[in-house]
Amino acid sequence: MSLEDDPAALHKLAGMFIVVLAAVLALMNIYLWKRLVKDTTGPGRTRRILTIVLSALALVLVATLVVPRFVDVPRSGWYAWPGYLWFGLLAYLFLTLLVLEPVRLALRRWINGQPTEPPDAPALNRRMFIARTSAVAAGAASVGLVGVGAATALGPPDLLTVPVRLRRLDPALRGFRIAVVSDIHLGPLAGRAHTEQIVNTINAAEPDLVAIVGDLVDGTVSELGAAAAPLRDLSAPEGTFFVTGNHEYFVDDTAEWLTELERLGIQPLRNENTAIRRGGAAFDLVGVNDIAGAQRDDPPDFDRALAGVDTSRPTVLLAHQPVLVSEAAARGVDLQLSGHTHGGQMWPFHYVVRMVQPSIAGLSTVDDTQLYVTRGAGFWGPPVRIGAPPDVTVLSLEP
């Protein structure tokens, strides 16, 4: 029996993940307390105050990760903002201090080898100076990175234009423009204004078709329906299409969101295809469910999705996760459009993403199938993007 067939096993696995994540975050906070508080202060009031502040930030982070499971998303914003910002700052403080560890240890060895008069006092002062200098350097670098990253994540997405050559594309479709957007992630930190900004960016590009390739929401229709409402203003003569991402299966009722999107004029493609025509020319637009749909008996089904496509014309596949490109290539798909990776979102974590996905951003080729991965227009977790600015991409099709 697979995990997908055993809900109890899935809940147990999710619980184990939360426990492991909590343990990792606890160790990171302890390390920061040691380097930023204990090593830089002596016993007394200042150390107690800093310890209380760091403990409070740790508790807010735990609340940010856990409480939204039990509280409506819109009501969690007041603690989600400080919690997720601390998450981003915690990560970069931890990494920066680790980078500085060899320097700190080398200087401490040098100090310990110097004669002191009287013994201990000057050495202790010099060790304290090194600890404080390291803390200030790590703090300045981390605050600067997170500040720039937050401004990038919360600002308007870049509008990219990418030409794509397709086999068998009728010359009448030359210059056909597909706007690709993914990972909008409506939730406690991203609401209606976020959606409006993305819709305005897409409409300004005047695409022929809009493809939303998953991870639109992190909440239910009752919580985030108003935030998603501006999507009804998307303007494209050939329509707007949607496929599910993994986050669509984290909500209580995926079908309710699909119905809401249809009400907004967006057509979900659930393991199905439709012909996109201009005059006598056409290509097939195909959509498959996300891999996470297997948990809800709603997995990707390529046989069903590709049933009836015309092999004499190009096939364009919408699939949230790039990893599905191997299956797409085996089925002769010409172009796959994906998201999911956020382009890594926060450097250097893109190295981890590269371990599980064939591409994190841009245009690449797997066998005879082209794969385009957008960095996404939103963010998940910390409202921070470093080395991976948000984007909306307009693909211009060429024969």
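Everything here concerns the structure above.
Residues numbered from 1 in each chain as written. Predicted model: local features only at pLDDT ≥ 70, side-chain atom pairs only at ≥ 80, totals over all residues. Heavy atoms only, no water.

Caption draft 1: Main features of the overall build of the chain. Across its full length, the chain holds 10 helices and 12 strands. The buried share among the 399 residues of the chain stands at 50%. A separation threshold of at least 6 residues defines the contact pool for the chain, and within that pool the share at least 24 residues apart is 75%. Within the structure as shown, the chain displays about 18500 Å² of accessible surface, and the carbon and sulfur contribution to it stands at 61%. (Helix = DSSP H or I, 4+ residues; strand = E, 2+ residues; numbered from the N terminus. Buried < 20%, exposed > 50% of the residue type's maximum accessible area, 1.4 Å probe, protein only. Contact = heavy atoms within 4.5 Å. Areas by Shrake-Rupley, 256 points an atom, 1.4 Å probe, with all protein chains shown as cover.)

Caption draft 2: Region of interest: helix α2 (residues 45-66). End to end, α2 covers 32 Å across 22 residues, agreeing with the expected 32 Å (1.5 Å per residue, within 8%). Buried within α2 we find R47, L54, L61 and T64. The buried residues of α2 occupy an angular sector of 115° when the element is viewed end-on, so they sit on one face. What points out from α2, more than 90 degrees from its buried face, is the exposed set R45, R48, I52 and L59. (Expected span 1.5 Å × (residues − 1). Arc of directions from axis to C-beta.)

Caption draft 3: Geometry of the sheet that holds strand β1 (residues 158-165). The six strands lie next to each other as β1-β12-β2-β3-β4-β5, forming an open sheet whose pairing is mixed. Each edge of the open sheet carries a strand with a single partner, namely β1 and β5 (266-268). Pairs of neighbouring strands in the sheet enclose a mean axial angle of 25°, with direction left out of account. Two strands pair when backbone bridges link them, and strand β4 (residues 240-242) and β5 are joined in this way by three bridges, in the parallel orientation. What sits directly across from T240, in β5, is I266. In this fold helix α7 (residues 254-263) packs onto β4 and β5, with an angle of close to 145° to the strand it touches most, β5. (Pairing = 2+ DSSP bridges. Axes fitted to C-alpha atoms, helices over the stretch in contact; angles between N-to-C directions.)

Caption draft 4: Representation of the packing of helix α6 (residues 221-228) against α7 in the model. As a packed pair, α6 and α7 sit with axes 11 Å apart at the nearest point and diverge in direction by 25°. Relative to α7, the element α6 lies roughly parallel. When the axes of α6 and α7 are compared, the crossing they make is right-handed. In contact with V221, L224, G225 and A228 of α6, α7 contributes E256, W257 and E260. (Parallel < 35°, antiparallel > 145°, perpendicular 65-115°, else oblique. Left-handed = near helix turned anticlockwise from the far one by under 90°.)

Caption draft 5: Up close: a nonpolar patch on the surface. Together, W81, L85 and L154 make up an exposed nonpolar region whose accessible area comes to about 240 Å². On the secondary structure map, L154 appears in helix α4 (residues 121-154). Judged by relative accessible area, which is 42%, L154 ranks as partly exposed. (Patch = residues over 30% accessible without salt bridge, like charges linked within 9 Å, V, L, I, M, F, W, Y side chains within 5 Å. Salt bridge = Lys/Arg side-chain N within 4 Å of Asp/Glu carboxyl O.)

Caption draft 6: The pattern of salt bridges, seen in detail. By the definition in use, this model includes 16 salt bridges. One salt bridge in this structure joins D39 and R35, with 2.5 Å as the shortest N-O distance. Each member of the pair D39 and R35 is classed as buried. Measuring nitrogen to oxygen at the nearest pair gives 3.0 Å for the salt bridge that ties E327 to R331. Among the residues examined, E327 registers a relative accessible area of 30% and is labelled partly exposed.

Caption draft 7: View of the environment of L98. Mapped onto the elements of the fold, L98 is located in helix α3 (residues 77-112). Assessed through its relative accessible area of 38%, L98 is described here as partly exposed. Taking the C-alpha atoms as reference points, L98 and Y31, 67 residues apart in sequence, are found 9.8 Å from one another.

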